[in-house]
Amino acid sequence: MRWRVPLTTVLVMLASLAGAQVPHRLPLADQARVLRENMALLQVTVAGSLELADQDNALDRVDSCHRLIKFWAREIEAAVRQGNPSRASEMSTYLNKIADGGVASNLRAARKLIPPSTPDERLLLQRRDAALHDLEVLENVLAEFSRNQRELRPVVGRLQAVRRIVAEAADLPKP
Amino acid sequence: MNCRLACQRLLATSGPRMLPDSVQHHLVQCEQCQRFKEQLDQIDKAVRRIPIPDSSIAKTAFLERFLAEPTLVSRQTPRRMGWNWTLVTATSAAVVLLGLFITGWLRRGPTPAEATSDVMLEQMIAHQLALASADSVNRRVEILAQMAETLDEYTRQLALVAEINDLESLSKLFVDVLGNKGLSGKAELVPALNRKALLEPIVTNLVRMAAAQEEMAGHVPPNRIMAFRRMATAAREARDAIRRKLQEDDVARCSPDGLAVLGGKS
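In this text, all values refer to a predicted model and were calculated from it rather than measured experimentally.

Draft legend 1. View of the overall build of chain B. Secondary structure summary: chain B contains 12 helices and 0 strands in total. The buried share among the 266 residues of chain B stands at 38%. Across chain B, the fraction of contacts at a sequence separation of at least 24, relative to all contacts at a separation of at least 6, is 62%. In the structure as shown, chain B presents an accessible area of about 16,000 Å², 59% of it carried by carbon and sulfur atoms.

In structure tokens form, the structure reads like this:
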């Protein structure tokens, strides 16, 4: 008897966590509504993907991903201005993924190939700074709106974290 | 007394059977019922001979446990028992609520899990990120094929519920992904060495997608047919383009300098 309660506790906790890991699929009607809302984003994503599929140079990919970040940043800002922090939060998840998996990872890939004090390094740092600038602008907007929309506070925190990742991605590897 | 009643009485009488006179009288006259009684007697004897496993150890252990438990229970007053069950129920309820909270928190809070509300967009972004770090043409071709599959799956899934404009847009995205800037174009660049192994499964998938889209076109209202026909045509065109490339390889393989064309491998 004594072990039943803790065992039940553990099982329920595990079940809850497992349930949480299952991708949350909306009912079809809601999926159709979300598709309507996100169609422009989907089109940009596909166009961006085809562009990336054409690029062999990591710096070019940084540029492509930066353009995508700009687009997502506009979406996030629009959501925030419309008082929709939930959508802003969702969009920021995508933006963070692109900033980390697109911009930062390609900056690191480029960094490995570009020697210091070369024109290419200058280009690398310029592209990093351009991406950082846009992330910072968005961060400031979100920080301002988070005073009234508390749900945005963790979004700002995550954006700061990803900005640091991008900032460090072009650093020379430590000896 | 008939046979049916006699048999019923025989079955209902256990142990050393003290059968009523009427049954005994019937048995004397009826060979069939006599055989039935003999079989019952055999069963009775056989049952007694079935070996019974020694349960003394398990029985002793059970009895010890059984006898020990009341001692514990006897220490508790009925009030204490009631409180214990209340505690168990309350704990269970709290655990369930905690579980629901965790689930809800993970799903509704501004965390990455929230992004799954638009599963298609999330998958397409995952493909995009894979392309952002894909270093080889082969990998890009694989990812583009996956993108086409994602679009195909969701377009068919939303065939009846999506707005027609959105369905049209999805079908155009599918066409783009399979077109010259996408899968068909990149498939041309796959090194001959890997071409067959990489592209044949993709061709199979394109055939499957085209068939599924044609089938869907036969089931949707007329104003939605065009989107699926467009997708099916794009899938067939991509399939044909890739097949042509594979056939060129076969021809090259058969030519005298084929080995050189295919990078030294047949």
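What follows picks up the thread again.
Draft legend 2. Looking closely at the environment of Cys30(B). Within the secondary structure, Cys30(B) is located in the loop between α2 (21-29) and α3 (31-49). The spatial distance from the C-alpha of Cys30(B) to the C-alpha of Asn2(B) is 9.4 Å, given a sequence separation of 28 residues.

Draft legend 3. Focus on the pattern of salt bridges. The tally for this structure, following the rule as stated, stands at 27 salt bridges over all chains. In this structure, Glu37(A) and Arg87(A) form a salt bridge, with 3.7 Å as the shortest nitrogen-oxygen distance. Highlighted residues: Glu37(A) in helix α2 (residues 28-53) and Arg87(A) in helix α4 (residues 85-113), separated in sequence by 50 residues. The partner of Asp152(B) in a salt bridge is Arg156(B), and the shortest N-O contact between them spans 2.9 Å. Of the two residues, Asp152(B) and Arg156(B) both sit in helix α7 (residues 137-157), 4 residues apart, roughly one turn of that helix. Judged by its relative accessible area of 1%, Asp152(B) falls in the buried class. The exposure class of Arg156(B) is partly exposed, given its relative accessible area of 23%. Each member of the salt-bridge network shares a partner with another, and the members are Asp30(A), Arg33(A), Glu37(A), Glu75(A) and Arg87(A).

Draft legend 4. Geometry of the packing of α4(A) against helix α6 (residues 119-132) of chain B. With their axes 9 Å apart at the nearest point, α4(A) and α6(B) run at an angle of 10 degrees to one another. Considered as vectors, α4(A) and α6(B) are oriented roughly parallel to each other. Together, Tyr94(A), Lys97(A), Ile98(A), Gly101(A), Gly102(A) and Asn106(A) of α4(A) and Leu121(B), Glu122(B), Ile125(B), Gln128(B), Leu129(B) and Ala132(B) of α6(B) make up the contact between the two elements. For the contact of α4(A) with α6(B), a count of residues per class yields 6 nonpolar, 4 polar and 2 charged.

Draft legend 5. Layout of the side chain of Ser169(B). Among the secondary structure elements, Ser169(B) is positioned in helix α8 (residues 164-178). Owing to a relative accessible area of 17%, Ser169(B) belongs among the buried residues under this scheme. Among residues more than four places away in sequence, those in contact with Ser169(B) are Met39(A) and Gln43(A).

Draft legend 6. Fine view of the confidence of the model for chain B. Residue and element names in this part refer to chain B. Mean pLDDT over chain B stands at 80; residues scoring 70 or higher make up 74%. Scored below 50 in pLDDT, residues 106-116 shows 31 contacts in the model against residues more than four places distant or in partner chains. Across the assembled chains, the prediction reports ipTM 0.84 with pTM 0.67.

Draft legend 7. Representation of the packing of aromatic side chains in the model. Residues and elements named next belong to chain A. A full pass over the atoms with the stated rule returns 1 aromatic pair over all chains. Each ring, one from Trp 72 and one from Tyr 94, has its centre 5.3 Å from the other, and the planes form 50 degrees; the classification is tilted. Here Trp 72 is found in helix α3 (residues 58-81), whereas its partner Tyr 94 is found in helix α4, with 22 residues between them in sequence. A residue is classified by how much of its surface remains accessible, and Trp 72, at 1% relative accessible area, is buried.

Draft legend 8. How the structure looks around unusual backbone geometry. One non-glycine residue, Ser117(A), lies in the positive phi region at around 60 degrees. Tracing the chain through its elements places Ser117(A) in the loop between α4 and α5 (119-145).

Draft legend 9. Spatial organisation of empty space enclosed by the protein. Scanning all chains against the criterion turns up 1 cavity of 30 Å³ or more. What the largest cavity holds in volume is close to 60 Å³. Forming the walls of the largest cavity are Gln31(A), Val34(A), Leu35(A), Ser117(B), Asp118(B), Val119(B), Met120(B), Tyr154(B) and Leu158(B). Mapped by element, the contributors of at least two residues to the lining of the largest cavity are α2 of chain A together with α6 of chain B.

Calculation criteria
- Residues numbered from 1 in each chain as written.
- Chains lettered and ligands numbered in written order.
- Predicted model: local features only at pLDDT ≥ 70, side-chain atom pairs only at ≥ 80, totals over all residues.
- Heavy atoms only, no water.
- Helix = DSSP H or I, 4+ residues; strand = E, 2+ residues; numbered from the N terminus.
- Buried < 20%, exposed > 50% of the residue type's maximum accessible area, 1.4 Å probe, protein only.
- Contact = heavy atoms within 4.5 Å.
- Areas by Shrake-Rupley, 256 points an atom, 1.4 Å probe, with all protein chains shown as cover.
- Salt bridge = Lys/Arg side-chain N within 4 Å of Asp/Glu carboxyl O.
- Axes fitted to C-alpha atoms, helices over the stretch in contact; angles between N-to-C directions.
- Parallel < 35°, antiparallel > 145°, perpendicular 65-115°, else oblique.
- Nonpolar A, V, L, I, M, F, W, Y, C, P; charged D, E, K, R; others polar.
- pLDDT = per-residue confidence, 0-100.
- Phe/Tyr/Trp six-rings, centres within 6.5 Å; stacked < 30°, edge-to-face > 60°.
- 1 Å grid on protein atoms, 1.4 Å probe; cavity = no way out; pocket = protein on both sides within 12 Å on 5 of 7 lines; lining within 4 Å.
- Points joined across faces, edges and corners; volume = space filled by probe spheres on them.

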